[in-house]
Amino acid sequence: MQVYDFEVLKDGAVIAAEQTIALPDAGAAWPKVAELARTFDAPGHEIRVRDEAGGIVILVGVAALRRRANVVSSDLRHLHVGVSGAISQAR
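Remember, it's a predicted structure, so these values are computed and weren't measured experimentally.

Caption draft 1: Geometry of the overall build of the chain. Looking only at helices and strands, one finds two helices and five strands in the chain. In the chain, the succession of α and β elements from N to C terminus is β-β-α-β-β-α-β. Per-residue burial over the chain gives 34% buried out of 91 residues. Here the chain has roughly 5300 Å² of accessible surface; of this, 51% comes from carbon and sulfur atoms.

Caption draft 2: Focus on the pattern of salt bridges. All told, the structure shown has five salt bridges when counted by the stated rule. With a shortest N-O distance of 3.4 Å, E7 and R50 are connected by a salt bridge. Here the residue E7 occupies a position in strand β1 (residues 2-10), and R50 occupies one in strand β3 (residues 45-50), the gap between them amounting to 43 residues. The closest approach of N and O atoms between R66 and D41, which form a salt bridge, is 2.0 Å. Placement of R66 in helix α2 (residues 62-71) and of D41 in the loop between α1 (30-39) and β3 is noted, with a sequence separation of 25 residues between them. With a relative accessible area of 44%, D41 lands in the partly exposed category. Look at the salt bridges and you will find they share partners, linking E7, R48 and R50 into a network.

Caption draft 3: Structural view of the confidence of the model for the chain. On average, the chain scores 81 in pLDDT, and the residues at 70 or more come to 75%. Confidence drops under pLDDT 50 across residues 79-91; counting only partners more than four residues distant or on other chains, this segment forms 33 contacts.

Caption draft 4: Fine view of the side chain of E7. The exposure class assigned to E7 is buried, which follows from its relative accessible area of 14%. Of the polar contacts made by the side chain of E7, one reaches the side chain of R48; its length is 2.6 Å. Side chain to side chain, E7 and R50 meet in a polar contact 3.4 Å long. Setting aside chain neighbours within four positions, we find E7 in contact with V14, A16, A17, E46, I47, R48 and R50.

Caption draft 5: View of the nonpolar core. Counting residues in each nonpolar core, the largest one holds 20 residues, and the members touching the most others are Y4, F6, V33, I47, V49, I58 and V60. Taken together, the elements giving at least two residues each to this core come down to β1, β2 (13-23), α1, β3, β4 (56-61) and α2. When residues in this core are grouped by element, the largest group, four residues, is from α1. What I47 contacts, discounting residues up to four positions off in sequence, is E7, V8, V33, L36, A37, I58, L59, V60 and V62.

Rules and cut-offs
Residues numbered from 1 in each chain as written. Predicted model: local features only at pLDDT ≥ 70, side-chain atom pairs only at ≥ 80, totals over all residues. Heavy atoms only, no water. Helix = DSSP H or I, 4+ residues; strand = E, 2+ residues; numbered from the N terminus. Buried < 20%, exposed > 50% of the residue type's maximum accessible area, 1.4 Å probe, protein only. Areas by Shrake-Rupley, 256 points an atom, 1.4 Å probe, with all protein chains shown as cover. Salt bridge = Lys/Arg side-chain N within 4 Å of Asp/Glu carboxyl O. pLDDT = per-residue confidence, 0-100. Contact = heavy atoms within 4.5 Å. Polar contact = N/O pair within 3.5 Å; in protein donor to acceptor, adjacent residues only side chain to side chain. Core = buried A, V, L, I, M, F, W, Y, C linked by side-chain atoms within 4.5 Å.

Printed below as a string of structure tokens:
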């Protein structure tokens, strides 16, 4: 198991985060990414997932994710773009 941090961004600033979620691999993060996209469904929002070393493993805009999901299905695991509980509002 690896640990991942999930962040919701608006104009590059973190507006919500959920840290230290243990998952078998980065691909297993997509259901949580989809959940966050549904919760924070507004123009300009992005979802970022970081690994234990702080590297970005997923970075996707909510609008792009929604468009792609409408084309294929609600199963978002194949959308991994790999570039390297409850949500608490960031202050």
